[in-house]
Amino acid sequence: MTPADYEYLRKLLKERSGLMLSADKQYLVESRLLPVAHRAGFDSLAELVGKLRGLKNEPLITKVAEAMTTNESFFFRDKLPFEHFNQTIMPALLAARAPHRRIRIWCAAASTGQEPYSLAMSLKEMGDKIAGRDIEILATEFSTEVLEKAKSGVFTQFEVQRGLPIQLLIKYFDQVGDHWQINPDVRAMVQFRPFNLLHEFTHLGRFDLVFCRNVLIYFDQETKIRVLDRIERIMEHDGYLALGAAETVVGLTDSFKPLPEHRGVYVPNLACKGRATSAISPGLRLAAAAATR
């Protein structure tokens, strides 16, 4: 691949998916895109790039962008965000929301589905605490191919061994040959939808909790700021944002502030919205009190 071809691909991927590749990632592009080139009938990446240069909204561009996405995921990844979900976030939301009001959760980079299914199983484990509550999990993903795998709820032995407690495997999965499929009632709790984080969010509705974990690390600073500000605009004023362990809002936006003693969890900065402290909901006050105990 020539330097000019690589620069073209870097620009294309940033425009289509937000992926920011450094100058030394040519080997990664070659390893992921050469199979795409061969499947499309090209002998080399140079031929693929030549074809791409003459296209605008061709499916081939989508295949190239999807092939470059990183889909590393496992159940209950990093553990701590799910402890916060069980012990602080959901108790606060249940206290702040009327029983008839829907609670909406968005997994903004669902990958192969382990994260939204981990949240669904966590909710199942809450039992009577959420009885009669209408709780929706929306899971979105850039790659349609990856999204189809997530929808199926089918995982390999290796995948279910990564982070999934054995008691939950037995309780919520059925073995299908050499694979495991999550139960239909858990799959039904999650709505999967293709979505590009570079696009407008408003049509998705409003959310009480957004999990946007381990995706901002692939964006440049300008894109990170734009995504965070769009999330803030669709979040309830007493909602929560969970980011990955290597991600933060600090230095990017004043729209969120860290929830004390809850690493990776952020809440809307009400001061930036012109609201007085007294406007903080009982649920958010409960969470803040829990964080200081």
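Look up a bit, the structure's there.
Residues numbered from 1 in each chain as written. Predicted model: local features only at pLDDT ≥ 70, side-chain atom pairs only at ≥ 80, totals over all residues. Heavy atoms only, no water.

S.K.: So what exactly am I meant to see when it comes to the overall build of the chain here?
M.R.: Each helix and strand in the chain was counted, giving 12 helices and 10 strands. The C-alpha extent of the chain, read off along each of the three principal axes, is 60 × 50 × 30 Å. The proportion of buried residues among the 293 residues of the chain is 51%. When contacts within the chain are restricted to residue pairs at least 6 apart in sequence, long-range pairs at least 24 apart make up 73% of them. Per element, the accessible surface of the chain, about 14000 Å² overall, is 52% carbon and sulfur. (Helix = DSSP H or I, 4+ residues; strand = E, 2+ residues; numbered from the N terminus. Buried < 20%, exposed > 50% of the residue type's maximum accessible area, 1.4 Å probe, protein only. Contact = heavy atoms within 4.5 Å. Areas by Shrake-Rupley, 256 points an atom, 1.4 Å probe, with all protein chains shown as cover.)

S.K.: Sorry if this is basic, but what is going on with the sheet that holds strand β6 (residues 190-194) here?
M.R.: Read from one edge of the open sheet, seven strands run β6-β2-β1-β7-β8-β10-β9, paired in mixed fashion. One side of each edge strand has no neighbouring strand; the edge strands of this open sheet are β6 and β9 (256-258). Strand-to-strand twist in this sheet, taken as the mean axis angle between neighbours without regard to direction, amounts to 25 degrees. Here two bridges tie strand β8 (residues 235-243) to strand β10 (residues 265-268), and the two strands are oriented antiparallel to one another. The residue of β10 that forms the bridge with Leu241 is Tyr266. Its contacts with the sheet put helix α6 (residues 114-126) on β1 (103-107), β2 (135-141), β6 and β7 (207-212), and the angle it makes with β2 is roughly 170 degrees. (Pairing = 2+ DSSP bridges. Axes fitted to C-alpha atoms, helices over the stretch in contact; angles between N-to-C directions.)

S.K.: I would appreciate a short explanation of the packing of helix α1 (residues 3-17) against helix α4 (residues 59-67) in the present structure.
M.R.: Packed helix pairs are characterised by how far apart their axes lie and by the angle those axes make with each other. Viewed as axis vectors pointing N to C, α1 and α4 meet at an angle of 90 degrees, and their least axial separation amounts to 10 Å. The orientation of α1 with respect to α4, classified from their angle, is roughly perpendicular. Taken together, the residues of α4 that come into contact with α1 (itself represented by Leu12, Leu13 and Arg16) are Ile61, Val64 and Ala65. Classifying every residue of the contact of α1 with α4 by side-chain character gives five nonpolar, no polar and one charged. (Parallel < 35°, antiparallel > 145°, perpendicular 65-115°, else oblique. Nonpolar A, V, L, I, M, F, W, Y, C, P; charged D, E, K, R; others polar.)

S.K.: Can you walk me through the side chain of Ser17 in this structure?
M.R.: Along the polypeptide, Ser17 turns up in helix α1. The class of Ser17 is buried, set by a relative accessible area of 11%. Separated by 3.4 Å, the side chain of Ser17 and the backbone nitrogen of Leu19 make a polar contact. When near neighbours in sequence (up to four residues on either side) are disregarded, Ser17 contacts Phe142, Leu198 and Phe219. (Polar contact = N/O pair within 3.5 Å; in protein donor to acceptor, adjacent residues only side chain to side chain.)

S.K.: Where do I start with the side chain of Glu236 in this structure?
M.R.: In this structure, Glu236 sits in strand β8. A polar contact is formed between the side chain of Glu236 and the side chain of Arg101, at a distance of 3.4 Å. Excluding residues within four positions of it along the chain, Glu236 makes contact with Arg97, Arg101, Arg206, Phe207, Asp208 and Pro268.

S.K.: What exactly am I supposed to notice about the packing of α1 against helix α3 (residues 45-53) here?
M.R.: Contact geometry of α1 with α3 gives a least axis separation of 10 Å together with a crossing angle of 50 degrees. The angle between α1 and α3 falls in the class oblique. Judged by the sense of rotation from one axis to the other, the crossing of α1 with α3 is left-handed. For the pair formed by α1 and α3, the contact residues are Ala4, Asp5, Tyr8, Leu9 and Leu12 on the first element and Ala46, Val49, Leu52 and Arg53 on the second. Per-class residue counts for the contact of α1 with α3 are seven nonpolar, no polar and two charged. (Left-handed = near helix turned anticlockwise from the far one by under 90°.)

S.K.: How should the environment of Asp134 be read in this particular structure?
M.R.: Within the element layout of this structure, Asp134 appears in the loop between α6 and β2. When the C-alpha positions of Asp134 and Arg102 are compared, they lie 4.8 Å apart, and in sequence the two are 32 residues distant. Asp134 has contacts with Arg101, Arg102 and Ile103, leaving out every residue within four places of it along the chain. One polar contact links Asp134 to Arg102, side chain to side chain, over a distance of 3.0 Å.

That is the geometry; function is a separate question.
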